[in-house]
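# Commentary on secondary and tertiary structure
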Amino acid sequence: MAAGGSSSHITLKKIKYDGFISFRGEDTRSNFTSDLHSALSREKIKAFIDENDLKTGDEISPTLLRAIEESKLCLIILSEDYASSRWCLEELASESKLIDAIVDAVIKKLRDISTPRDDLKGLVGVVTRIEKIESLLHIGSLNVGPVGIWGIGGIGKTTLARAVFNRLSSQFEACSFLEDVREQWKKHGPNHLKNKIFSELMEGESSLPFTKDRLRKKRVLVVFDDVDDAEQFEQLVGDWFGPESKIIVTSRDQQVLRNIEVSGTYEVKELNHDDPLKLFSLHAFKEKSPTEKERELSKRAVNYAGGVPLALIVLGRHLYSKSVKEWESTLDKLQKIPDKKIHNVLKISYDSLDNTEKDIFLNIACFFKGKSKDFVEGILDGCGFFTVAGIKVLIDKALITIDMWNTLHMHDLLQMMAFEIVHVQSTDQEPRKGSRLWIADDIYHTFKYNRGIDTIEGISLDTSKLNEEISLTPGTFSQMCRLRLLMINERKVSLPQGPLPFPNSLRYMFRVIRVLPLLLHHLENLKSINLKGSRHLLRVPDLSMAPNIERIYLDFCENLVEAPSSFQYLNKLEDLSFTGCSSLCKLSVLPKNLGSLKVYTPSLEHKCYDVPRCLSCEGHISSSTRAYPQLPHFDWGPDCDHADIEINSKLEKFPEIMKTMECLKVLQLVCVAIKELPH
């Protein structure tokens, strides 16, 4: 008996039978073939059997040809002169066992045979992704290392791995899909997983030395799903797989895949184009056609999910068969409270971070999403967060990304998760008590009632979102003993009792103009001041009591007249920038350890005003007071003549250099009125 089957990639237009039995009627019809057909029928396997004998010389009828085409596989019974053979007659005693073995083989073959139609049912936008993963496996080649599938939680790593596994499994002698390694490892330990693999690959045998040796000779396909530690892979794989075997590993952590030394990694990204809406609709409407209002609300749901399959499926199932009012209410709620199931899946990656990495992630989510990586590293390093290493970990865990402009990005769902984590840090009695404040209403109530201020580490206030003016008193910030980051603009802020003192814990200040005192007392930990775009700033306060400050950004402070003499005492100052300070007329003596000084004062009021783009910054200039981390050069666009740029500078003299400035690496004096440099 021989069994033949089609490849796993066949496309079947019409399938009526599981198998076609081909046999010599006069030899086996009434015995072996009949018994085999009955056994297959008992197992609910529909096999075609010709009821009419085909005599020698007869042509195969169209009915038989059609039956062959409509069958998944063909069973060929070889029986030349079967009944006349004494040896064959003796073998009849074992006919029952033989038939059972054949039936088992047919069941396995039918299970292995898969079609794209069956495998991909309910999936959207995966065909190209599957093909790319299969190309990394190099089917047919020897000694190809493991292939990694990487991405955030809920992005579809397991789904893709399962689809590839189903499509390829029939091409291997044995297969095993070990799902959720991370969780099973914690619950049951490595031995349980080892035994499971060997049992599936060696048909129930344990991991004995002889079994392992036989396994090396087998051509197997194994998927290790959700591996979060290279040790898991090393213990489960060992040296038990031969050169023809293929291994797939899914993980949320790219560093884990590097440690495993995968031969290639496929990064799973969000669904795009029409695929998110298709997947959502598949679960939200099933076979029903949506109304116009439901189509409109579907776009809101898809926008919230951001191309993450898990979110699209969860939302679709949640909204299925509900009224339009329920849809609207649910989508409104999601803007403030994330879906629990989606949140829990995403939070697994956050929970794997150490405390410093968690702080970096939360700070980026609350304050620095869309900012320059170098800019953020400078600020958070000043807060003691070891940011360079931390940001790399966040990238490897797919929690943040960096674009070609070196800008930090984060998926909206991950940012929502971060917001929820910060909110959970508060209590029922103090709902606005959290480590970070960025919502204007929360900040207003915190300042007004002085509630929960002892836990605050960072504040970012956009006062344009306040409905009324906010009053700050000397006690507002002084009691915030853990405050490190303070970012606040100058509108709708009053100081009824004058300038404010700040806690010594403060490391970074951004645009806190009217709240700045003339002398910053006892701020030994302050590392950076960013006052970019502060139109009302006339002079910088005395910073001599902040000896550890490293960066001062005064870009686009258009009314700033001079830099204070106290700058010369800031021996740790590395970066000083006056870009766009058109009223600047005096620079005092500079500190000897200064590494970078930028003075760039063009008038941007010309026909190309909205065109220039900073090639290393965050966006386009939209006003003369817009602030940027650095402006090394501009791309002015094809329609702009450099002659249109007017020099609008009052700085005519560069300060005398009293000491050798050995650390100075960058000196940019662009569009200034300086007539000569000091000797």
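Nothing here was measured: the structure is a model prediction, and the numbers come from that model.

### A look at the side chain of K218
Tracing the chain through its elements places K218 in the loop between α10 (209–216) and β7 (220–224). A polar atom in the side chain of K218 sits 3.0 Å from the backbone oxygen of L201. Not counting chain neighbours up to four residues away, the residues in contact with K218 comprise E173, A174, L201, M202 and S245.

### What to know about the layout of surface pockets
What the second largest pocket holds in volume is close to 660 Å³. Listed by contribution, the elements that provide at least two residues to the lining of the second largest pocket are α7 (157–168), α13 (275–284), α15 (309–319) and α17 (340–351). A total of 5 residues in the lining of the second largest pocket trace back to one element, the largest contributor, which is α15. Along the lines of polarity and charge, the residues of the lining of the second largest pocket split into 13 nonpolar, 8 polar and 10 charged.

### So, helix α22 (residues 440–449)
Taken together, the buried positions of α22 are A440, D442, I443, Y444, T446 and F447. Along its buried surface, α22 packs onto β12 (436–437), β13 (458–461), β14 (470–471) and α23 (475–478). Just past α22, the residue N450 takes up positive phi, approximately 50 degrees.

### A look at the nonpolar core
F224, F241, F280, F361, I364 and L485 are the most contacted members of the largest nonpolar core, which has 108 residues in total. Of all hydrophobic cores here, the second largest spans 53 residues; its members include A440, I470, L483 and M509.

### Let's talk about the sheet that holds strand β9 (residues 264–267)
If you walk across this open sheet you meet the 5 strands as β6-β7-β8-β5-β9, and the pairing is parallel. Taken across any chain shown, the strands that pair with only one partner, and hence form the sheet edges, are β6 (174–178) and β9. Across the sheet, the mean angle separating the axes of adjacent strands is 15 degrees when strand polarity is ignored. As judged from the 4 bridges shared by β7 and strand β8 (residues 246–251), these two strands associate in the parallel manner. In the strand pairing of β8, L221 is matched with K246. Those strands touched by helix α9 (residues 190–201) are β6 and β7, and its axis lies near 150 degrees from that of β6.

### Re the packing of aromatic side chains
This model, assessed by the stated rule, comprises 15 aromatic pairs. Residues F285 and W327 carry aromatic rings whose centres are separated by 5.6 Å and whose planes lie at 20 degrees to one another, so their mutual orientation is stacked. Here the residue F285 occupies a position in the loop between α13 and α14 (292–305), and W327 occupies one in helix α16 (residues 324–334), the gap between them amounting to 42 residues. By relative accessible area, which is 2% here, F285 ends up buried. On the basis of relative accessible area, W327 is assigned to the buried category, the value being 1%. Seen in terms of ring centroids, F375 and Y508 are 6.5 Å apart; in terms of plane orientation they differ by 80 degrees. Their pairing is edge-to-face. Taken as a pair, F375 in helix α19 (residues 373–382) and Y508 in strand β17 (residues 508–510) lie far apart in primary sequence, 133 residues in all. Assessed through its relative accessible area of 12%, F375 is described here as buried. Taking the ring centre of F177 as reference, the NZ or CZ of R162 above it sits at 3.7 Å. Across the ring face of Y553, the terminal group of K532 is positioned such that the distance to the ring centre comes to 4.7 Å.

### Points about a negative patch on the surface
Taken together, the side chains of D228, D229, E231 and E234 present a region of like negative charge at the surface. Here D228 is to be found in the loop between β7 and α11 (230–237).

### Considerations on the environment of E294
When you line up the elements, E294 lands in helix α14. Spatially, the C-alpha atom of E294 lies 10.0 Å from that of S281, the residues being 13 residues apart in sequence. Those residues in contact with E294 that lie beyond four places of it in its chain are F285, K288, S289, K322, V324 and W327. In this structure the side chain of E294 is engaged in a polar contact, spanning 3.2 Å, whose partner is the side chain of K288.

### Some points on the environment of L277
Examined against the element boundaries, L277 turns out to sit in helix α13. Counting along the chain gives 22 residues from L277 to K299, while the straight-line C-alpha distance between them is 7.3 Å.

### Thoughts on unusual backbone geometry
Of note, the phi angle at H273 is positive, near 60 degrees, even though the residue is not glycine. Here H273 lies in the loop between β9 and α13. If you check the backbone angles, A398 has positive phi at about 60 degrees while not being a glycine. Within the element layout of this structure, A398 appears in the loop between α20 (387–396) and β10 (401–402).

### As for the side chain of T446
If you trace the backbone, T446 turns up in helix α22. Owing to a relative accessible area of 1%, T446 belongs among the buried residues under this scheme. A distance of 2.9 Å separates a polar side-chain atom of T446 from the backbone oxygen of D442.

### Topic: the confidence of the model for the chain
Mean pLDDT over the chain stands at 79; residues scoring 70 or higher make up 79%. Contacts of residues 53–58 to residues separated by more than four positions or lying in other chains number 4 contacts, the stretch itself having pLDDT below 50. A low-confidence stretch, residues 604–647 (pLDDT under 50), is modelled with 99 contacts involving residues beyond four sequence positions or located in other chains.

### What about the sheet that holds strand β19 (residues 551–553)?
Spatial strand order, β12-β13-β15-β17-β18-β19-β20-β21-β26: 9 strands in an open sheet with parallel pairing. Of all strands in the sheet, those bounded by a partner on one side alone are β12 and β26 (666–670). Two elements, strand β15 (residues 485–488) and β17, share 3 bridges in a ladder whose sense is parallel. Bridge assignment links L486 to a residue of β17, and that residue is M509. Running at roughly 130 degrees to β19, α19 makes contact with β15, β17, β18 (528–530) and β19 of the sheet.

### What about the pattern of salt bridges?
Side-chain pairs of opposite charge can arise where the charged atoms are in close proximity. Counted under the stated rule, the structure contains 25 salt bridges. Note that R167 and E134 form a salt bridge whose closest N and O atoms lie 3.0 Å from each other. Placement of the pair is R167 in helix α7 and E134 in helix α6 (residues 127–137), with a sequence separation of 33 residues. Owing to a relative accessible area of 13%, E134 belongs among the buried residues under this scheme.

### Comments concerning the pairing of strand β2 (residues 17–22)
Burial of β2 is extensive: 5 of the 6 residues sit out of reach of the surface. As defined by bridge partners, β2 adjoins strand β4 (residues 71–76) across 5 bridges and the pair is classed as parallel. The residue bridging I21 from the neighbouring strand is L75, located in β4. Judged from the 2 bridges that link them, β2 and strand β3 (residues 47–48) form a sheet pairing that is parallel. Across the sheet, residue G19 finds its bridge partner in β3, namely A47.

Cut-offs and rules
Residues numbered from 1 in each chain as written. Predicted model: local features only at pLDDT ≥ 70, side-chain atom pairs only at ≥ 80, totals over all residues. Heavy atoms only, no water. Helix = DSSP H or I, 4+ residues; strand = E, 2+ residues; numbered from the N terminus. Polar contact = N/O pair within 3.5 Å; in protein donor to acceptor, adjacent residues only side chain to side chain. Contact = heavy atoms within 4.5 Å. 1 Å grid on protein atoms, 1.4 Å probe; cavity = no way out; pocket = protein on both sides within 12 Å on 5 of 7 lines; lining within 4 Å. Points joined across faces, edges and corners; volume = space filled by probe spheres on them. Nonpolar A, V, L, I, M, F, W, Y, C, P; charged D, E, K, R; others polar. Buried < 20%, exposed > 50% of the residue type's maximum accessible area, 1.4 Å probe, protein only. Core = buried A, V, L, I, M, F, W, Y, C linked by side-chain atoms within 4.5 Å. Pairing = 2+ DSSP bridges. Axes fitted to C-alpha atoms, helices over the stretch in contact; angles between N-to-C directions. Phe/Tyr/Trp six-rings, centres within 6.5 Å; stacked < 30°, edge-to-face > 60°. Lys NZ or Arg CZ within 6 Å of the ring centre and 35° of its normal. Patch = residues over 30% accessible without salt bridge, like charges linked within 9 Å, V, L, I, M, F, W, Y side chains within 5 Å. Areas by Shrake-Rupley, 256 points an atom, 1.4 Å probe, with all protein chains shown as cover. Salt bridge = Lys/Arg side-chain N within 4 Å of Asp/Glu carboxyl O. Lys, Arg positive; Asp, Glu negative; His and termini not counted. Charge placed at Lys NZ, Arg CZ, Asp CG, Glu CD. pLDDT = per-residue confidence, 0-100.

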